[in-house]
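Spelled out from the first residue to the last, the chains are:
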Amino acid sequence: MTSTLIGKQAVVIGAGIAGLTAAAALADRFDQVVVLERDTLPSEPAYRAGTPQARHVHGLLFSGQLALGELLPGFEQDLAQAGAVPLRAGLDVRVERPGYDPFPQRDLGWSGYAASRPAIERAIRQRVESRATTLRQRCRVKELLASPDGAVVTGVRCENDSGASETIAADLVIDASGRGSLTLALLQSMGLPLPEETTIGIDLGYATCIFAIPDDASTEWKGVMTFGQVPQNTRGGLMLPLEGNRWMVTVAGLNGDVPPGDAEGFLTYARSLRTPTIYNAISGAKCLDGVARYRFTGSVRRHFERLDVFPRGLLPIGDAICRFNPVYGQGMSVAALEACLLKRLLERPEEDNDPIAGLAPIFFAEMQTLIETPWSVATLDFVFPETRGQRPADFETTLKFGIALTRLAAEDFAVHRLTLEVQHLLKPRSVYRDPVLMQRVLAKMAEI
């Protein structure tokens with residue numbers, strides 16, 4: 001309805017998960033939403049240059065799945081029709097960690113899906129395009145345009161698919177380009193302060209290979225997650241099923257102890273994992289593709305919420321605000337949750353005639369609650385002495401608390417379910433402060 005519109009045109013920079021979900025959040029509030037993507041977007045699920053990490057295992061947390069269903073009704077059915085594999089929480093993925101090989105497998109009451117990043121992105125893209133959103137491929141945004149005083153962002157300048165320069169006006173620009181360099185460049189050019197950054201520096205390297213699932217594959221699990229004995233052993237592995245009766249296997253290590261890029265070396269590295277489950281599964285399976293490799297240097301959190309001044313009509317989102325260690329599988333889900341937050345803020349009762357004016361400060365402030373739990377997971381990288389950054393003062397207590405909570409979860413169904421709900425960002429980490437639970441965990445800590 002035209003009465004609900006707050007602007008004529010919004011521009012979203014980037015057609016990745018963050019950009020597409022943001023476009024879905026904007027669709028009902030602007031007369032037109034234009035998504036600008038520098039890549040050529042494949043008509044079928046396929047990798048593209050702008051998402052090199054897409055060749056590796058991606059986890060869509062249950063919170064992310066629900067968020068995508070909220071933004072794009074019918075998304076979950078689309079994913080199932082694309083061949084995504086249902087996974088019963090707590091039951092279908094064998095989790096191997098020191099002391100628990102495996103961790104007790106229990107049906108915790110909900111199902112998620114395992115699928116490749118290209119399949120997930122295509123399902124989202126098709127839903128977004130069906131909502132009268134214009135998606136322009138091969139269109140690289142070169143800079144954000146603003147009023148002379150830098151107070152208002154008015155649009156973007158881009159290079160279109162014919163190589164010509166083009167200016168596109170916008171009432172709101174969403175920077176979902178990944179690193180947020182366009183937003184930072186604008187702030188710098190206007191003499192405005194840049195956001196402070198908190199970093200957790202690591203040297204993570206991993207490799208991925210896809211295998212055909214053999215006829216004699218185990219029926220006791222659909223996927224496997226293997227952890228090393230930290231901090232001495234940094235090697236780990238994750239194997240999940242994909243559409244097309246395939247396994248995607250990612251193995252990883254830190255600080256130079258990283259997997260090689262050839263098939264033989266990949267298998268040798270998999271064989272060296274603390275447990276043999278993944279190697280035994282793939283050693284006789286047919287490899288369907290080459291080995292893809294990736295490096296990650298650290299998690300970065302930009303504190304936009306601390307800025308006193310920020311241009312009206314601009315909102316960075318996704319990795320531009322917070323980039324997480326991909327090992328924890330949080331990126332896609334956090335992006336979808338951010339888009340749900342954006343949608344709720346745009347739908348809030350309007351007390352003035354310019355809801356865009358206060359959008360960014362409110363978004364930045366409310367984002368902190370959303371980021372708190374996944375960021376607390378990122379700080380676990382400080383278990384490795386080589387990790388760079390400010391180690392939390394209470395880190396040793398946090399580790400002991402986690403060990404005790406894991407022991408309790410292994411024994412107790414309800415605690416197991418609660419920990420998985422927190423891992424899937426269905427509940428905040430603050431639920432662990434429940435007095436009764438705290439008392440039980442402290443009793444376990446006393447035994448360590």
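Read on for an overview of the structure. (Residues numbered from 1 in each chain as written. Predicted model: local features only at pLDDT ≥ 70, side-chain atom pairs only at ≥ 80, totals over all residues. Heavy atoms only, no water.)

## Let's talk about the nonpolar core
At step 1: With 94 residues, the main nonpolar core has L26, L342 and F363 as its most contacted residues.
At step 2: No other element matches helix α8 (residues 331–346), which puts 11 residues into this core.
At step 3: Ignoring sequence-local partners within four residues, the contact set of L26 consists of A10, V12, V33, L172, I174, L342 and L346.
At step 4: The next biggest cluster of nonpolar side chains, apart from the first, holds 21 residues, and it includes A217, F266, A270 and A281. (Core = buried A, V, L, I, M, F, W, Y, C linked by side-chain atoms within 4.5 Å. Buried < 20%, exposed > 50% of the residue type's maximum accessible area, 1.4 Å probe, protein only. Helix = DSSP H or I, 4+ residues; strand = E, 2+ residues; numbered from the N terminus. Contact = heavy atoms within 4.5 Å.)

## Here we look at the layout of surface pockets
At step 1: Volume-wise, the second largest pocket comes out at about 1100 Å³.
At step 2: What lines the second largest pocket is a set of 47 residues, and nearest its centre among them are G50, T51, S177, G178 and D319.
At step 3: If you list the elements that add at least two residues to the lining of the second largest pocket, you get α1 (17–26), β7 (140–146), α5 (181–189), β15 (292–303), β17 (322–323) and α8.
At step 4: Looking at which element gives the most residues to the lining of the second largest pocket, the answer is α8, with 5 residues. (1 Å grid on protein atoms, 1.4 Å probe; cavity = no way out; pocket = protein on both sides within 12 Å on 5 of 7 lines; lining within 4 Å. Points joined across faces, edges and corners; volume = space filled by probe spheres on them.)

## Section: the environment of I17
At step 1: Tracing the chain through its elements places I17 in helix α1.
At step 2: Take I17: its relative accessible area is 6%, and that puts it in the buried class.
At step 3: In this structure, the C-alpha to C-alpha distance between I17 and A336, residues 319 residues apart in sequence, is 7.4 Å.

## Here's the deal with the sheet that holds strand β8 (residues 153–159)
At step 1: Across the sheet, 3 strands lie side by side as β7-β8-β9; this open sheet has antiparallel pairing. One side of each edge strand has no neighbouring strand; the edge strands of this open sheet are β7 and β9 (165–169). If you compare each strand with its neighbour and ignore which way they point, the axes differ by 25° on average.
At step 2: Examined bridge by bridge, β8 and β9 share 5 bridges and lie antiparallel to one another. Counted as the bridge partner of R157 is T167 from β9.
At step 3: Contacting β7 and β8, α5 crosses the sheet at an angle of about 35° to β7. (Pairing = 2+ DSSP bridges. Axes fitted to C-alpha atoms, helices over the stretch in contact; angles between N-to-C directions.)

## What about the pattern of salt bridges?
At step 1: Applying the stated criterion across every chain yields a total of 26 salt bridges.
At step 2: In this structure, E121 and R125 form a salt bridge, with 3.6 Å as the shortest nitrogen-oxygen distance. Of this pair, E121 and R125 both sit in helix α4 (residues 117–129), separated by 4 residues, roughly a single helical turn.
At step 3: Judged by its relative accessible area of 4%, E121 is buried.
At step 4: Its relative accessible area of 6% is what places R125 among the buried residues.
At step 5: Note that R306 is salt-bridged to E196, the shortest N-O span being 2.6 Å. Of this pair, R306 sits in the loop between β15 and β16 (314–316) while E196 is found in strand β11 (residues 196–212), placing the two residues 110 residues apart along the sequence.
At step 6: Linked through salt bridges whose partners overlap, the residues forming this network are E37, D39, R48, R117, E121 and R125. (Salt bridge = Lys/Arg side-chain N within 4 Å of Asp/Glu carboxyl O.)

## Re α8
At step 1: The end-to-end C-alpha distance of α8 is 23 Å, a good match for the 22 Å that 16 residues give at a rise of 1.5 Å each.
At step 2: Of all 16 residues in α8, 14 are buried, a share of seventy percent or more. (Expected span 1.5 Å × (residues − 1).)

## Concerning helix α10 (residues 395–411)
At step 1: Look at α10: 25 Å from first C-alpha to last across 17 residues, which is about the 24 Å you get at 1.5 Å a residue.
At step 2: For α10, the elements touching its buried residues are α11 (413–423) and α12 (435–445).

## Quick notes on the sheet that holds strand β12 (residues 223–226)
At step 1: Strand order across the open sheet formed by 7 strands is β4-β12-β13-β14-β11-β15-β17, with mixed pairing between neighbours. In this open sheet, the two strands that pair with only one neighbour each are β4 (93–96) and β17.
At step 2: Bridging between β12 and strand β13 (residues 236–242) involves 3 bridges; their strand directions are antiparallel. The residue of β13 that forms the bridge with T226 is G237.
At step 3: Helix α6 (residues 263–271) rests against β11 and β14 (246–254) of the sheet, and its axis sits at about 70° to β14.
At step 4: On top of the sheet, helix α9 (residues 359–378) reaches β11, β15 and β17; it is set at about 135° to β15, its chief contact.

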